[in-house]
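One-letter residues, chain by chain:
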Amino acid sequence: MNELALAIPWLGKRNPAAARWVVMALAIGAPLIAMLFGKTWVRILDFALLYVMLAIGLNLVVGFAGLLDLGYIAFYAVGAYTFAFLASPHFELHLPFWLVIPIGAACAALAGIILGLPTLRLRGDYLAIVTLGFGEIVRIFLNNLNHPVNITNGPQGINMVDPLVLFGWDISRPLKIGDEITVNSLFLYYYVFLAFVALSVVLVQRLQVSRVGRAWAAIRDDELAAKAIGINTRNMKLLAFSLGATFGGAAGGLFAAFQGFVSPESFSLMESIAILTMIVFGGMGNLAGVIVGALTLTALPEILRYVAVPVQERLFGHVLLDPEVLRMLLLSLAMIFMMLLRPAGMIPAHSRYSKPELVVGKTAAEAAK
Amino acid sequence: MITLLEAKHVTKRFGGLTALSDVSLTIRKGEVYGLIGPNGAGKTTFFNVLTGAYVPEEGELVFNGTELPTGKPHLVVAAGIARTFQNIRLFREMTALENVMAGHHIRSRANPFSILLQTRQAREEEHLITERAFELLRYVGIERFADTVSKNLSYGDQRRLEIARALATEPQLLALDEPAAGMNATETAKLRELVQTIRGDGVTVLLIEHDVKLVMGLCDRLAVLDFGKKIAEDVPAQVQQNDAVIAAYLGGHGTKAAGAAA
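Residues take numbers from 1 onward in each chain, read along the sequence in its written order. Chain letters and ligand numbers both follow the written order, the letters beginning at A and the numbers at 1. Residue-level local features of this predicted model are given only where pLDDT is at least 70; pairs of side-chain atoms are given and counted only at 80 or more, and the full residue set underlies all totals for whole chains, interfaces and linings.

Peer 1: Lay out the overall build of chain B in plain terms, naming residues and giving numbers.
Peer 2: A count of helices and strands for chain B gives 11 helices and 10 strands. The C-alpha atoms of chain B give 19 Å as radius of gyration, which agrees with the globular expectation for 262 residues (18 Å, within 12%). On the principal axes, the C-alpha backbone points of chain B span a range of 70 × 40 × 35 Å. Partly exposed residues are those falling between the two cut-offs: more than 12 but fewer than 20 other C-beta atoms within 10 Å of their own, whereas 20 or more means buried and 12 or fewer means exposed, with C-beta atoms placed from the backbone. Sorting the 262 residues of chain B into buried and exposed places 47% on the buried side. The long-range fraction of contacts in chain B, counting pairs at least 24 apart against all pairs at least 6 apart in sequence, stands at 65%. A run of H or I in DSSP becomes a helix once it reaches four residues, and a run of E becomes a strand once it reaches two; helices and strands are each numbered from the N terminus. Here the globule rule reads 2.2 Å times residues to the power 0.38, and the radius of gyration is calculated from C-alpha atoms. By the convention adopted here, residues make contact when the C-beta atoms placed from their backbones lie within 7 Å.

Peer 1: Just give me the short version of helix H6 (residues 155-167) of chain B, but keep the residues and values in it.
Peer 2: Residues and elements named next belong to chain B. The end-to-end C-alpha separation of H6 is 19 Å, in line with the 18 Å expected for 13 residues at 1.5 Å each. Burial analysis of H6 places 10 of its 13 residues in the buried class, which makes it a mostly covered element. Taken residue by residue, H6 has Gln158, Arg159, Arg160, Leu161, Glu162, Ile163, Ala164, Arg165, Ala166 and Leu167 as its buried positions. Residues of H6 that are buried in the fold lie against strand S6 (81-83), helix H3 (96-103), helix H5 (120-140), strand S7 (173-177) and helix H7 (185-200). What a helix should span is 1.5 Å times the count of its residues minus one.

Peer 1: Break down the packing of helix H5 (residues 73-86) of chain A against helix H11 (residues 233-259) of chain A for me, citing the residues and quoting the values.
Peer 2: All names here are of chain A. Comment: axis = line fitted to C-alpha atoms, over the contacting stretch for helices; angle = value between 0 and 180 degrees taken between N-to-C directions. Close contact between H5 and H11 brings their axes to 6 Å; oriented N to C, the two are set at 45°. By the angle between their axes, H5 is oblique relative to H11. As H5 packs across H11, the resulting crossing turns out to be right-handed. Note on element contacts: H11 touches H5 through Ala245, Gly248, Gly249, Ala250, Ala251, Gly252, Gly253, Phe255, Ala256 and Ala257, opposite Phe75, Tyr76, Ala77, Val78, Gly79, Ala80, Thr82, Phe83 and Ala84. Amino acids outside the nonpolar list (Ala, Val, Leu, Ile, Met, Phe, Trp, Tyr, Cys, Pro) and the charged list (Asp, Glu, Lys, Arg) are all regarded as polar, and Gly is one of them. The residue inventory of the contact of H5 with H11, partitioned by class, reads 13 nonpolar, 6 polar and no charged. Orientation labels follow simple angle bins: below 35 degrees gives roughly parallel, above 145 gives roughly antiparallel, 65 to 115 gives roughly perpendicular, and whatever is left gives oblique. By definition, turning the near helix anticlockwise from the far helix through less than a right angle yields a left-handed crossing, and turning it clockwise yields a right-handed one.

Peer 1: How would you summarise the pairing of strand S1 (residues 3-14) of chain B if you had to cite specific residues and measurements?
Peer 2: All names here are of chain B. When DSSP locates at least two bridges between a pair of strands, those strands are taken to pair. Here 8 bridges tie S1 to strand S2 (residues 17-28), and the two strands are oriented antiparallel to one another. The residue of S2 that forms the bridge with valine 10 is valine 23. If you look at the hairpin formed by S1 and S2, you'll find 2 residues sitting between the two strands, and glycine 15 has a positive phi there, around 60°. Taken together, the 5 bridges between S1 and strand S4 (residues 58-63) define a ladder with antiparallel strand orientation. From the neighbouring strand, alanine 7 faces S4, where its bridge partner is leucine 61.

Peer 1: Please set out the nonpolar core residue by residue, giving values where relevant.
Peer 2: In a soluble, globular protein the nonpolar side chains are often hidden away together inside. Residues enter a nonpolar core if they are buried, belong to Ala, Val, Leu, Ile, Met, Phe, Trp, Tyr or Cys, and are joined to the set through C-beta atoms within 7 Å. Counting 192 residues, the largest nonpolar core has Ala55(A), Ile275(A), Leu137(B) and Leu207(B) as its most contacted members. Residue contributions to this core peak at 18 residues, all from helix H4 (residues 39-64) of chain A. By convention here, the domain bounds are inherited from an automatic or database domain assignment. Shared between two domains, this core takes at least three residues from each, and those domains are domain 1 (1-80 + 171-262) and domain 2 (91-170) of chain B. Contact partners of Leu137(B), with chain neighbours within four places excluded, come to Ala96(B), Leu97(B), Val100(B), Ile142(B), Glu143(B), Ala146(B) and Ala164(B).

Peer 1: So what's going on with the sheet that holds strand S10 (residues 229-234) of chain B? Which residues, and what values?
Peer 2: Residues and elements named next belong to chain B. Sheet architecture is open: 6 strands sit in the order S6-S7-S8-S3-S9-S10, paired in mixed fashion. Unpaired on one side and paired on the other, S6 and S10 mark the two borders of the sheet. Strand-to-strand twist across the sheet, computed as the mean angle between neighbouring axes with direction ignored, equals 20°. Inspection of the sheet shows S6 paired to S7 by 3 bridges, in the parallel sense. Each residue of the ladder has a partner; that of alanine 82, found in S7, is leucine 174. Across the face of the sheet, helix H1 (residues 43-50) comes into contact with strand S3 (32-36), S6, S7, strand S8 (204-208) and strand S9 (221-226) while running at roughly 145° to S7.

Peer 1: Quick one: what's the story with the domain arrangement of chain B, residue by residue and with numbers?
Peer 2: Residues and elements named next belong to chain B. As far as domains go, chain B holds domain 1 (1-80 + 171-262) and domain 2 (91-170). Placing a centre on the C-alpha atoms of domain 1 and another on those of domain 2 gives a separation of 28 Å. Contacts between the two partners involve 10 residues from domain 1, matched on the other side by 10 residues from domain 2. Of all the secondary structure elements, the ones that give two or more residues to the side of domain 1 that touches domain 2 are helix H2 (73-79) and H7. Looking at the side of domain 1 that touches domain 2 residue by residue, the classes come out as 7 nonpolar, 2 polar and 1 charged.

Peer 1: Could you give an account of the confidence of the model for chain B, naming the residues involved and the relevant values?
Peer 2: Residues and elements named next belong to chain B. For every residue, the pLDDT score states the predictor's confidence, bounded by 0 at the bottom and 100 at the top. Mean pLDDT over chain B stands at 89; residues scoring 70 or higher make up 96%. Counted against residues more than four places away or in other chains, residues 254-262, with its pLDDT under 50, gives 14 contacts. Here the prediction assigns the complex a pTM of 0.88, and the interface score ipTM is 0.88.

Peer 1: Go over the packing of helix H12 (residues 269-282) of chain A against helix H14 (residues 323-341) of chain A with me, naming the residues and quoting the values.
Peer 2: Residues and elements named next belong to chain A. Where H12 contacts H14, the axes come no closer than 10 Å and their chain directions differ by 30°. Comparing their axes, H14 and H12 come out roughly parallel. Crossing handedness for the pair H12 and H14: left-handed. In this structure, H12 contributes Ala274, Thr277, Val280 and Phe281 to the contact, and H14 contributes Leu331, Ala334, Met335 and Met338. Tallied by class, residues from the contact of H12 with H14 come to 7 nonpolar, 1 polar and no charged.

Peer 1: Report on the environment of Tyr81(A), specifying residues and quantitative values.
Peer 2: Residue and element names in this part refer to chain A. Within the fold, tyrosine 81 resides in helix H5. The spacing of tyrosine 81 and arginine 43 is 38 residues in sequence and 21 Å in space, taken between C-alpha atoms. Here tyrosine 81 is in contact with Leu142, Thr152 and Val262, once residues within four sequence places are set aside.

Okay, here's the thing in C-alpha cells:
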C-alpha cells in the first residue's frame, strides 16, 4: 500500500500521505468509475482483482524465492474445483464459503507441496518444464475424471456453484437499500475481493520482511551460500510453494463462487503464462509492481477488445482479428517492450527485505555518535 | 587444551581421483588453525566435507564430542561451524545489513504463523535481529554500508561482509576459505587484525590460505596437505623446517610433488 502510493509518479515522492489517500480512494471508487462505462467494466474489475491475488501468490514463488513456476494456474484450479465440489448441487453439498475457501486454500497448499517435493533439486529451465507439466496434468485430470466415476464432470464442468453468502446474505443478488437504490452484485463482489486482496497484501508483506522472506531471497540469490548459513533450503522451498499455492487456491474459490461455474478450460497453460507475464511486466519481487502489472494487463486487453472490434468493423466491415488473439498479441508485445525498455518491470523491486525506517534510523543514530 | 574438532581418517574420492586420503587432524578450542598446501592439495575439499557439502567415503568428523552430520550443511551450521567461500558468495541483490540478517536465520525461531500474525515474539525477534546484524557490521567495520546493495561493495568489504554473515550464525568454529585472496597489503593487514579480534572473542578459526606470510604470522598451528594427504601438522616454526613441506612447495626428491612441479 505504501509502496503503491510511493510509485505514483510525481505525487508519491512529494506527499506520500496524499498519495496513500489517492490509492485508497481509487481502490474504493474504482467500480463507481467503471460503472460509468457499463456493468461489464465492473465485472472486468472483479476479474482484475482475482488476477491481482493470483499474481501476488505467484510472485511469492517466483519473485521472492526465485522458483520459476509455469503451472501456477493448477492451484487456482484446485481451489475452484474444491469450492465447486463442496458448495454445489454436484455432490449435493452446500458448505458455507468461510469453510470452503480455507479448505480449498489448504488443498492448494497440499498440491504445492506435492509439486515441490519432486522438484527440489531442479532450478531455472528444468523447474519451469516440470511445473508446466504439473499444470497440464491437473487440467487433464479435471477434463477426464468423469469416467468411470464421475468426479469432475469432465469438460462440461460443474454448474450452479453456490454464490458467496456472507452471514446469510447472498451477495449474488442485488442489494436493495430503501426502495430507490439497488446495488448490483458485481459491486458487492468487488468489495469482497478487495478485502481478500488487501488481506493478501498484508500477509505477503509480513512474510517478505521476515526471517522467512530473507531466507527465500537468500535462496534466490545464491542457494549454496544459503545452505552455508544454515538455511534449510528444502523446507523453505516447500514453504514457498505451499504458501504461494494457498493464495492461488483462495482466489480459485472466489472465482468459482463469482462465476457460478467451473470447467477445465479456464485453467489452461496460457493463463499460467498470463499471470507470469503480469508479474514480470509489473516488477518481479515487488508487491506494488505486481499489483499494477496484474491490473494493467487485465484491463488493457479488455479496453482493446472494446475498441478493436468497432474499429475493425468500421474499417473492414467485419472483424479480422479475434479479440482473444489480440490479447495474446498485446501480452507478447508488452513483454518485448518491457524487456527492451525496463527489464526490471514497471516498478522494479528494491533490494529491501528489512525495514528501511529501522535501518535509516540506526544509521542516523550512528552518525550522530 | 580442549579439542574442538577432530577429523578421523577422512577419505573423499571423486571417481578415480582421491581428493582426500586418510586425513586426520585436530583443532583445539580457541586457536587459529591453518590449512595450507599447493593448488589441488585438497584444502577446499576438506572444507566442503567439514561443512557438510560433500559426503566423505570414509572417516568421520567429531565436533564438540558429537559426530557431525554429513551432507546436511544446515545441520553443520546449527552445530556451530560457519564458513566463507573462496570466491565470495554473498546474496548480491540484498543490502549488507540484510545479508547479515539472513545469517541469523538459524539462530532465530519465528515460524510462518507467528510472522503472519505478527505476534509480539516475532516482532521482538525481528527487532533483535536487526540490532545484532548492525552490531556485526560495526564489528567488521562496514556499518556505514549497511544500506548498500552488497554487489556494489568493494572487494575487501565484500570479504568482510561475508565474515560478518558467517559470524551471524554464532559459530564456535569459523572456517575461512582463502580470505586474503586478491587483497592488497593494507587490506590483508586489516584482515589479520579482524581474525585476531575474532579469535580474541572466543571463536576458533580455521584458515585456508595461500599467503604464507599471513598464515605463518597468524596461525597457532597448521596442517599441510599435499595430494590429499596430510604431510605435516605442527606449529608454524616447525612446519617451515619440515622436509616434506619444503619438497611439496619447492619440489624435492622422491615425492610426487617433485613430479608435478617438473
